[in-house]
Amino acid sequence: MGCEVLKKQLDDGGIRYTYASITDNLSNLKVFLKYRESLTMFDQVKAEGRIGIPFIVVNKGEQFFFGPEDLNLDDLK
């Protein structure tokens, strides 16, 4: 599932969020890579040769998800 699909689901669900694209600036990419290299939840993603996008960070690192299939959008309201 791509980021655009996820953004639409969040919008449709009335979820407030900040979208940070890793292609927009180097700072966003660095933050993503820090998570990718330090969280064990990325181990399977990397083993499969995937990037791990979309990646959702709730609040300031309280929870992490790869997409809406991993979370209940109602819990984010």
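Residue indices begin from 1 for each chain and proceed along its sequence in written order. Side-chain atom pairs in this predicted model are given and counted only at pLDDT of 80 or more, local residue features only at pLDDT of at least 70, and totals for whole chains, interfaces and linings cover all residues. Side-chain numbers come from the whole structure's heavy atoms, not from hydrogens or water.

A few words now on the nonpolar core. For this analysis, a nonpolar core means a set of buried residues of the types Ala, Val, Leu, Ile, Met, Phe, Trp, Tyr and Cys, connected via side-chain atoms within 4.5 Å. Exposure categories follow from relative accessible area, calculated using a 1.4 Å probe and restricted to protein chains: below 20% of the type maximum is buried, above 50% is exposed, and the middle band is partly exposed. Counting residues in each nonpolar core, the largest one holds 7 residues, listed as L6, L10, I15, I56, V58, F65 and L73. In contact with L73, not counting residues within four places along its chain, are Q9, L10 and I15. F32, F42, V45 and F66 belong to the second largest nonpolar core, which has 5 residues in total. Contact between two residues is taken to exist if any of their heavy atoms lie within 4.5 Å; hydrogens are not considered.

This part takes up the packing of aromatic side chains. Ring pairs shown here join Phe, Tyr and Trp side chains whose ring centres sit within 6.5 Å, with only the six-membered ring taken for Trp; geometry is labelled stacked below 30 degrees between planes, edge-to-face above 60, and tilted in between. Applying the stated criterion across every chain yields a total of 8 aromatic pairs. On the basis of an interplanar angle of 85° and a centroid distance of 5.8 Å, the ring pair of F32 and F42 is categorised as edge-to-face. Placement of the pair is F32 in helix α2 (residues 26-38) and F42 in the loop between α2 and α3 (43-47), with a sequence separation of 10 residues. Assigned by exposure class, F32 and F42 land together as buried. Where helices and strands are cited, they refer to DSSP runs of H or I of at least four residues and of E of at least two residues respectively, numbered from the N terminus.

Once that is clear, we can look at unusual backbone geometry. At the junction of I53 and P54, the peptide bond is cis and its omega measures out at 5° in the coordinates. Relative to the assigned elements, P54 resides in the loop between α3 and β1 (56-58).

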